[in-house]
Amino acid sequence: MSSSDMKIITVVGSGLIGRSWTMVFISGGYNVKIYDNQPGQAAKALTEIRKQLGELEEAHMLRGELSATQQLALVSTYDDLAQALEGAFFVQECVFEQLEVKQNVFQDIERLVGKDVILSSSTSCLVPSNVFSKVGNRSRCLVSHPVNPPYYVKLVELVPHPETAATVMDATHSLMTKVGQAPICLKREVDGFALNRVQAAIIAESWRLVQDGVITVKDIDLVMSEGLGMRYAFIGPMETMHLNAPAGLEDYMKRYGEGITRVLNSFGPVPNFSAASSEAAKRIVNEMCELIPSNPQHLSARMERRDQLLMGLAKLKKEH
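The paragraphs below set out a description of the structure included in this document. No experiment lies behind these values; they were computed from the predicted model shown. (Residues numbered from 1 in each chain as written. Predicted model: local features only at pLDDT ≥ 70, side-chain atom pairs only at ≥ 80, totals over all residues. Heavy atoms only, no water.)

1. Notes on the pattern of salt bridges
Right, on to step 1. All told, the structure shown has ten salt bridges when counted by the stated rule.
Right, on to step 2. The salt bridge involving E55 is made with K51; its shortest N-O contact spans 3.0 Å. Here K51 and E55 lie together in helix α2 (residues 41–58), a separation of four residues that amounts to about one turn.
Right, on to step 3. With a relative accessible area of 42%, E55 lands in the partly exposed category.
Right, on to step 4. Between K102 and E93 there is a salt bridge, with its nearest N and O atoms 2.4 Å apart. Considered together, K102 and E93 belong to a single accessibility category, that of buried residues.
Right, on to step 5. If you follow the salt bridges from partner to partner, you end up with E93, E97 and K102 in one network. (Salt bridge = Lys/Arg side-chain N within 4 Å of Asp/Glu carboxyl O. Helix = DSSP H or I, 4+ residues; strand = E, 2+ residues; numbered from the N terminus. Buried < 20%, exposed > 50% of the residue type's maximum accessible area, 1.4 Å probe, protein only.)

2. Some remarks on a nonpolar patch on the surface
Right, on to step 1. Side chains of M253, Y256, I260, V263, L264 and F267 sit close together on the surface and give an oily, nonpolar patch of about 490 Å² of accessible area.
Right, on to step 2. Position of I260 among the secondary structure elements: in helix α11 (residues 249–265).
Right, on to step 3. Under the relative-accessibility criterion, I260 is labelled partly exposed at 32%. (Patch = residues over 30% accessible without salt bridge, like charges linked within 9 Å, V, L, I, M, F, W, Y side chains within 5 Å. Areas by Shrake-Rupley, 256 points an atom, 1.4 Å probe, with all protein chains shown as cover.)

3. Here's the deal with the nonpolar core
Right, on to step 1. Counting 36 residues, the largest nonpolar core has W21, F25, L53, L56, F90 and L175 as its most contacted members.
Right, on to step 2. Among the secondary structure elements, those contributing two or more residues to this core are β1 (8–12), α1 (16–27), β2 (31–35), α2, α3 (68–72), β7 (155–160) and α7 (166–178).
Right, on to step 3. Dropping the residues within four chain positions of it, F25 is found in contact with I9, V11, Y30, V32, F90, Q92, L175, M176 and V179.
Right, on to step 4. Core analysis: the next-biggest nonpolar cluster, separate from the first, contains 21 residues, L85, V105, F106 and V113 among them. (Core = buried A, V, L, I, M, F, W, Y, C linked by side-chain atoms within 4.5 Å. Contact = heavy atoms within 4.5 Å.)

4. Describing α7
Right, on to step 1. Taking 1.5 Å of rise per residue, 13 residues should cover 18 Å, and α7 covers 18 Å from first to last C-alpha, within 8% of that figure.
Right, on to step 2. Along α7, the residues classified as buried are V168, M169, T172, L175 and M176. Taken end-on, α7 shows its buried residues confined to a sector of 130°, consistent with a single buried face. In this structure, α7 carries A166, T167, D170 and K178 as exposed residues pointing more than 90 degrees from its buried face.
Right, on to step 3. Looking at the residues trailing α7, positive phi occurs at G180, about 90°. (Expected span 1.5 Å × (residues − 1). Arc of directions from axis to C-beta.)

5. A word on unusual backbone geometry
Right, on to step 1. For the bond running from N148 to P149, omega is -5°, close enough to zero to count as cis.
Right, on to step 2. With respect to the element layout, P149 can be found in the loop between β6 (141–146) and β7.
Right, on to step 3. For H60, which is not glycine, the phi torsion reads 60° and is therefore positive.
Right, on to step 4. As for its position among the elements, H60 is in the loop between α2 and α3.

6. Observations concerning the environment of T77
Right, on to step 1. Within the fold, T77 resides in strand β3 (residues 75–78).
Right, on to step 2. For the pair T77 and S14, spaced 63 residues apart in sequence, the C-alpha separation works out to 9.4 Å.
Right, on to step 3. Not counting the four nearest positions on each side in its chain, T77 is found in contact with I34, A42, A43 and L46.

The structure is reproduced here in C-alpha cells:
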C-alpha cells in the first residue's frame, strides 16, 4: 500500500471502547470510519465523541496537534459494513466480549477486505487462536488490547495469533506508537495476556487478605492508591527491584529473594468471588458497598473522578 492508502482505519463497534479507539486514532491524524450493526448507533457515538473532544480541548488535554474540530472532521459513521471497510488498512474490532460474536464479525470482515488489511481485536480475555479461528488468513490477525480508559491509560497489549506475521506485529506497534499509545508485544498468546494476569494476582491476594480478616476493604485499596500505585505509576516492578538494591536486580534477589519466596508460599488458594455462594465474598461486597453504594449515580460519579485523576496523571507524566 502507498502512504496515501494507509490513512483510513475502521472501528467496528461504537460502544465505550470503540469511541475511545476512534478518539485515539483521530488524535494521530487518521481518518476513522465507525461501523455499528445497530442503525443509528454509530451516529450517536459521534455525538458523544464531539462532546468529549470539546471538553478535552477546554481542559487543555486534547491529544495530538489538530484542534477538536479538525479531529472530528476525520470521523465518519456507517450502518453498512462494506462501506465502512472500504479503503481501510487497519480494522479495530470493539464488539461484545462474546467469542462467537467476535468470530462471526471477523469472518464477515475477511470477506470484504483485501489480503493486506490488518485485523485487530480489542478483546481483554479471549486468546487470538480462538477469536480468529474462522478467519482464513490468520497471518494478519492479532489482539490489540487497550486499558480502560484508553485515552488516558496508554498501554496497549499486542498479542499474536500463533500464525501472525512479524511484519503485522511491527506495523501495529508502529501505528500505536504514532497515535501516542504505549504498545507492548507479547511473544506468544497466554490466557489473560500480561496486564490481566498481573491484575488477577493483585485481586486474589487483596481479596484473601480481606477475607481472612487481616485488613479492611478501605485499607487494602489504600495499599495500592497511596502505596504501590504511587510508585508503579512511573516505574514498574522490575525496575523498582533494580533500583532498591545497591548493585541492582541480582543484588536485590540475593537480599530479598528468600523472603519473597516465603511470602509467596504462604498465599492461599484462589478465592471464591461469588457473593451468591460464599459468605466471605458477600461480606466483602457489602463492605465495599458501604464505602461506595453500587447504584449508577454513585458509580458514575466515582468513574468521572477516576478519569479526572487519570487525566491529571497523564499530564504530569507528559511534562516529566
